[in-house]
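Each chain, written out:
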Amino acid sequence: MLRRSRHNLASRIFDRQLHSPRPGASINSVRRFYENLVPNYTIYDIDCPENSFRKFTDDGLYLISFSRNYQELIVYRPTWLTFSCKGEDCDFHGLPAKAKKFESFFTQLYCVSLASANELICKDFFLYVENNQFGLFATSTAQVHDAPAIEGATPGVPPIEKITFHLVRLQDGSKLDERVFRDDFVNLAHNMGVFLYDDILCIVSLRFQTIHILQIRDTGCFVDLREIGLFCREDDELFLNSHSQYMLPPGKKNQDELSNGLQQQDVQGSSFLSGIKQRLLSFVFRGIWNEETDHTLRVQRLKKKFYFHFQDYIDLIIWKVQFLDRHHLLIKLGSVDGGVSRNTDQHPAFFAVYNMETTEVIAFYQSFADELYNLFEQFSDHFHVASRNSLHVNFISSHSNNIHVLEQLRNIKNKSSCSPQFVKKMVASLPFSCQSLSPSPYFDQSLFRFDEKLISATDRHRQSTEHPIKFMSRRLPLIQKFKIKPGPEADVVDNRTRRISSFLFHPFLPFVLSIQQTYMQPTVVNIHFRR
């Protein structure tokens, strides 16, 4: 009976009636049904609108796409192919002609214009507020590479004239609110510069080194909670300006100069470091100070480990931020070059944990610190912060919750010849980009094995291969459960042409879109589903 239930869906249902799962394991037991519910049929090169498809929302209710000119948002409702059949043995009949049409699987809900004439929708940016079914989108103008330096801006970070964040109710396409950043730089690629935790939003201004914390209300509006950067507390600016008369240089005597003088000195960087930088330096100083009790050794250690690297600490800028919970931020810092680069692996990096309530830095690590790696290995799920309202996201495989992923990580570690370089490579992905992993059960490594070089839960484009991607059974290693082949059915292999594929998995249905893009050729969209 047990052997039959591994292969036969009806037997598995019958087995569920006879046996109750262990306490606390009911959901994992139910997920094993996906071993029998797989996308076993492919419709190649469907008739599809020329949109840029972004992803399914985590609750599976919507498919997000953008128009070809990246001016409009187009949202679809996933449906299922339905047709009637006359006669017997309908399972062996071919599908009707309408199965080749995109409209047989999706219903367009609306098309909404988001971008103005000189703006474009950022095709790699989208965040979903699941409890309210809100979508967060971004539009921006082009970068200005030869912009003049302005007060308070970080040198070397190119400005973008206008970045707009749009809050849209996905049920009907209503635009609820927007937030505009001018002459700023926010890294929008793959949600890198923005993080959402339940209803709290974090936006990192690279150019002005400010962490903007906002709340998304149930009514559909943005509310400012705090800004972390030049100041850490809401009344820091008021407090410093009220004491500016004691700190201004001689000659500034009138009232306007007294009220604005200190702030101008702050912005120009001539007198003060930013609040967040002072908190960081204080934590590093106290940590080194407490390492020794002898005064002479303490001074020597401070000279070697703090003052010698003082300018290096001063030059650090904030690269990326994520929430660890509603009160703590994980902040990645490094050089200016690394902040505007898509690949930061080659640049030295540091990590700080910041408490927003106490405005204190409570931990600080270099990118090759063993302590940070141990936390990453043992508590990876704490870095993959999931919404309390999202059930599917809680089952994404990681080396904290899946023995197979942990074994892969340890095998890589054992093969590594240089431990610091291995640690640096592993933690380079921190902080994790928000909503960057697919919650599809077909990426559950307790159920399936697949080549992660070809496909994974991470939201990234992949180099296309000429062979189908196989999903093998985890419990029966020699059994292939299903396969996915992007591109045309009868594909002519041309190694000179670079082909890029992306895969959009529905969060819980056996339904996949594979999209293959080839230079100067039409995009090929395939639908993989359970027939």
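In what follows, the accompanying structure is described. Numbering of residues starts from 1 in each chain and follows the order in which that chain's sequence is written. Residue-level local features of this predicted model are given only where pLDDT is at least 70; pairs of side-chain atoms are given and counted only at 80 or more, and the full residue set underlies all totals for whole chains, interfaces and linings. Water and hydrogen atoms were dropped before computing side-chain values, which therefore reflect all heavy atoms in the structure.

### Examining the pattern of salt bridges
Where charged atoms of side chains with opposite charge meet at close range, the side chains can pair. Put simply, the rule reads: Salt bridges are defined as contacts in which a side-chain nitrogen from Lys or Arg sits within 4 Å of a carboxyl oxygen from Asp or Glu. Secondary structure is summarised from DSSP: a helix means a run of H or I of at least four residues, a strand means a run of E of at least two, and numbering begins at the N terminus for each. Burial classes follow relative accessibility: with a 1.4 Å probe on protein chains only, a residue under 20% of its type's maximum area counts as buried, one over 50% as exposed, and anything between as partly exposed.
Taken as a whole, this structure holds 14 salt bridges when the rule is applied. Residues Glu291 and Arg301 are paired through a salt bridge, measuring 3.1 Å at the closest nitrogen-oxygen approach. Separated by ten residues along the polypeptide, Glu291 in the loop between α6 (275–289) and α7 (295–307) and Arg301 in helix α7 bring together distant segments of the chain. Between Glu377 and Arg410 there is a salt bridge, with the nearest N and O atoms lying 3.3 Å from each other. In this pair, Glu377 is assigned in helix α10 (residues 370–378) and Arg410 in helix α12 (residues 403–415), connecting sequence segments 33 residues apart. The buried category is assigned to Glu377, whose relative accessible area is 11%. Judged by its relative accessible area of 42%, Arg410 is partly exposed. When salt bridges that share partners are traced, they join Glu291, Glu292, Arg301 and Lys305 into one network.

### Quick notes on the packing of aromatic side chains
Test applied: Only centres within 6.5 Å qualify two rings of Phe, Tyr or Trp (six-membered ring in Trp) as a pair; their planes then separate them into stacked at under 30 degrees, edge-to-face at over 60, and tilted for everything else.
Evaluated as defined, the whole model comprises 41 aromatic pairs. Considering the side-chain rings of Tyr442 and Phe448, the 5.6 Å spacing of their centres and the 45° angle between planes classify their relative orientation as tilted. Of the two residues, Tyr442 and Phe448, both sit in the buried class. Linked through ring pairs, Tyr41, Phe53, Phe56, Tyr76, Trp80, Phe102, Phe105, Phe106, Phe511 and Phe529 together constitute an aromatic cluster.

### Some details on the pairing of strand β25 (residues 524–529)
Along a regular strand, successive side chains alternate from one face of the sheet to the other. To be explicit about the condition: By the convention used here, strands pair only if DSSP detects at least 2 bridges between them.
Counted residue by residue, β25 has six buried out of six residues, so it is predominantly covered. Burial along β25 is two-sided: Val524, Asn526 and His528 facing one way and Val525, Ile527 and Phe529 facing the other are all buried. Pairing of strand β1 (residues 41–43) with β25, which is carried by three bridges, proceeds in the antiparallel orientation. Bridge pairing links Tyr41 to Phe529 in β25. Bridge count for strand β24 (residues 511–518) against β25 is six bridges, and the pairing is antiparallel. Bridge pairing in β25 places Gln516 opposite Val524. Counting the residues between successive antiparallel strands, the hairpin from β24 to β25 contains five residues, one of them, Met520, with a positive phi of roughly 65°.

### Points about α7
Test applied: As used in this structure description, the phrase polar contact means that two N or O atoms lie within 3.5 Å; if the pair is within protein, one of them must be able to donate a hydrogen and the other to accept it, and residues adjacent in sequence are counted only when both atoms belong to side chains.
Among the residues making up α7, those that are buried are Arg298, Leu302 and Phe306. The distance from a side-chain oxygen at the start of α7 to the backbone nitrogen of Thr296 is 3.1 Å, and the residue carrying that oxygen is Asp294.

### Observations regarding the sheet that holds strand β12 (residues 200–205)
Definition in use: Throughout, an axis means a line fitted to C-alpha atoms (over the contacting stretch in the case of helices), and angles, computed between N-to-C directions, take values from 0 to 180 degrees.
Pairing is antiparallel in the open sheet, where four strands are placed in the order β11-β12-β13-β14. Taken across any chain shown, the strands that pair with only one partner, and hence form the sheet edges, are β11 (194–197) and β14 (222–228). Averaged over all pairs of adjacent strands, the angle between strand axes in this sheet comes to 20°, irrespective of strand direction.

Interpretation in functional terms is not warranted from these geometric data alone.
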